[in-house]
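Coordinate inspection notes
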Amino acid sequence: MKVINTKTNLKNYVLKTKQEDKKIGLVPTMGALHEGHLSLIKKSVKQNDITIVSIFINPTQFDNKEDLDKYPITTKQDLELLKSVNCDAVFIPLANDIYDGNITSTHFDFDGIENQMEGKFRKGHFNGVATIVKKLFELAKPNNAYFGEKDFQQLLIIKKLVKKNNIPVKINGLPIFREPDGLAMSSRNTRLTEEYRKAAPFIFKTLTKAKELFPKNGIKIVDWVKNEFKNHPLLSLEYFTVTNEENLIEPKKISPLKKYRGFIAVYAGKIRLIDNINLN
Ligand code: AMP
């Protein structure tokens, strides 16, 4: 596996790969890899000749300094995991290099999707995400790119980014990978204390129950979920919302012809966890 640390070296690697007429799959990550990341990488290895994984903790997508400063870094272990799934190249750049010395984000218009949920509660988050992903697409020139439904709103935003900028890449969304107790895998889970880690599966349990209640109760499940968290001794609900899966707009009335998803953000102490579930 090739370890690439600079933009110039990545460009040269991609040029050579393109000259050999090989299909490139890209999996952007922030490292501290887990089975969820590996499911995307395995898919890419299957569907492309060359898989490039990027590991970059992108400062411009963090609105919370502590979250950025304490983001887990496990590079040595990541490299071993990447080798074990036959990844071809890993790109680990420095911020100054990939941002050309100007570590700021560009402003994007994603037709309002960027202002809901994660966009509302993490100001500037999606400008940061779109800025870095656009740079990665321009450098790696992938035929395919892989993203998890764990960050469902991000997945929709990347699809918009590609459409609006005519970037020739297919965006593939993959299902959420979970721990045996239902907790959605996340690099941030390693920062949970034992007590919070034990409490955290309550999030997915509540989502699953909300899904069961949805056919009869529709949008009323929002109040039901809020109530479930009201008296929880450890977990504090930031938001739960039900939206149309395509445009992330909250429906006034449920239509049997449309697809809906429930989205949740919860604080387990200082650690912010997100999850989502398809409701029909
Ligand atoms: P991150 O390193 O958290 O930025 O995530 C990199 C990619 O992995 C994103 O496309 C995420 O949506 C995806 N991902 C993270 N956690 C999971 C999970 N539990 N299941 C599936 N994909 C995931």
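The structure reproduced in this document is the subject of the present report. (Residues numbered from 1 in each chain as written. Predicted model: local features only at pLDDT ≥ 70, side-chain atom pairs only at ≥ 80, totals over all residues. Heavy atoms only, no water.)

1. Points about the environment of arginine 178
The line we're drawing: Helical segments are the DSSP runs of H or I of at least four residues, strand segments are the runs of E of at least two, and each set is numbered from the N terminus. Two residues form a contact once any of their heavy atoms are found within 4.5 Å. Within 3.5 Å is the distance limit for a polar contact, defined as a pair of N or O atoms, with the added protein rule that one can donate a hydrogen and the other accept it, and that residues adjacent in sequence qualify only through two side-chain atoms.
Along the polypeptide, arginine 178 turns up in the loop between strand E6 (170–174) and helix H9 (194–199). Sequence-wise, arginine 178 and proline 201 are 23 residues apart; in three dimensions their C-alpha atoms are separated by 9.9 Å. The residues touching arginine 178, leaving out its near neighbours within four places in the chain, are Leu183, Ala184, Met185, Phe204, Asp275 and Asn276. One polar contact links the side chain of arginine 178 to the main-chain carbonyl oxygen of glycine 182, over a distance of 2.9 Å. For arginine 178, the side chain forms a polar contact with the side chain of aspartate 275, separated by 2.9 Å.

2. Quick word on the packing of aromatic side chains
Applicable threshold: Any Phe, Tyr or Trp ring, taking Trp's six-membered ring, that has another such ring centre within 6.5 Å forms a pair; planes under 30 degrees apart are called stacked, those over 60 apart edge-to-face, and the others tilted. Buried residues are those whose accessible area, probed at 1.4 Å on protein chains only, stays under 20% of the maximum for their type, while exposed residues exceed 50% and partly exposed ones sit between those limits. Counted as over-ring charges are cases with an Arg CZ or a Lys NZ within 6 Å of the ring centre that also lie within 35 degrees of the ring normal.
Applying the stated criterion to the full structure yields eight aromatic pairs. Here the aromatic rings of phenylalanine 62 and tyrosine 71 are separated by 5.8 Å at their centres, their planes lie at 80 degrees, and the arrangement is edge-to-face. Across the pair, exposure class does not vary: phenylalanine 62 and tyrosine 71 are buried alike. Aromatic pair phenylalanine 202 and phenylalanine 229: ring centres 5.1 Å apart, planes at 75 degrees, arrangement edge-to-face. Highlighted residues: phenylalanine 202 in helix H10 (residues 202–217) and phenylalanine 229 in helix H11 (residues 221–230), separated in sequence by 27 residues. On the basis of relative accessible area, phenylalanine 202 is assigned to the partly exposed category, the value being 22%. Between arginine 122 and the ring centre of phenylalanine 62, over which it is positioned, the NZ or CZ distance is 6.0 Å.

3. Topic: H10
Since there are 3.6 residues in each turn of an α-helix, residues three or four apart along the chain are aligned in direction. Selection rule: The angle separating two fitted axes, one through the seven residues that finish at a residue and one through the seven that start at it, defines the bend at that residue.
Along its length, H10 reaches its greatest deviation from straightness, about 30 degrees, at lysine 211, and the proline proline 215 lies no more than four positions downstream. Among all positions in H10, only Ile203, Thr206, Leu207, Ala210 and Phe214 are buried. Just downstream of H10, glycine 218 is the residue with a positive phi angle, here 55 degrees.

4. Some thoughts on the pattern of salt bridges
Stated formally: For salt bridges, the criterion is a side-chain nitrogen of Lys or Arg within 4 Å of an Asp or Glu carboxyl oxygen.
The final tally for this structure, using the stated rule, is 21 salt bridges. When the shortest N-O distance is used, the salt bridge between lysine 70 and glutamate 66 registers 3.1 Å. Taking relative accessible area as the criterion, lysine 70 reaches 45% and is therefore assigned partly exposed. When the shortest N-O distance is used, the salt bridge between lysine 198 and glutamate 194 registers 3.9 Å. Separated by four residues within a single helix, lysine 198 and glutamate 194 lie in helix H9, roughly one turn from each other.

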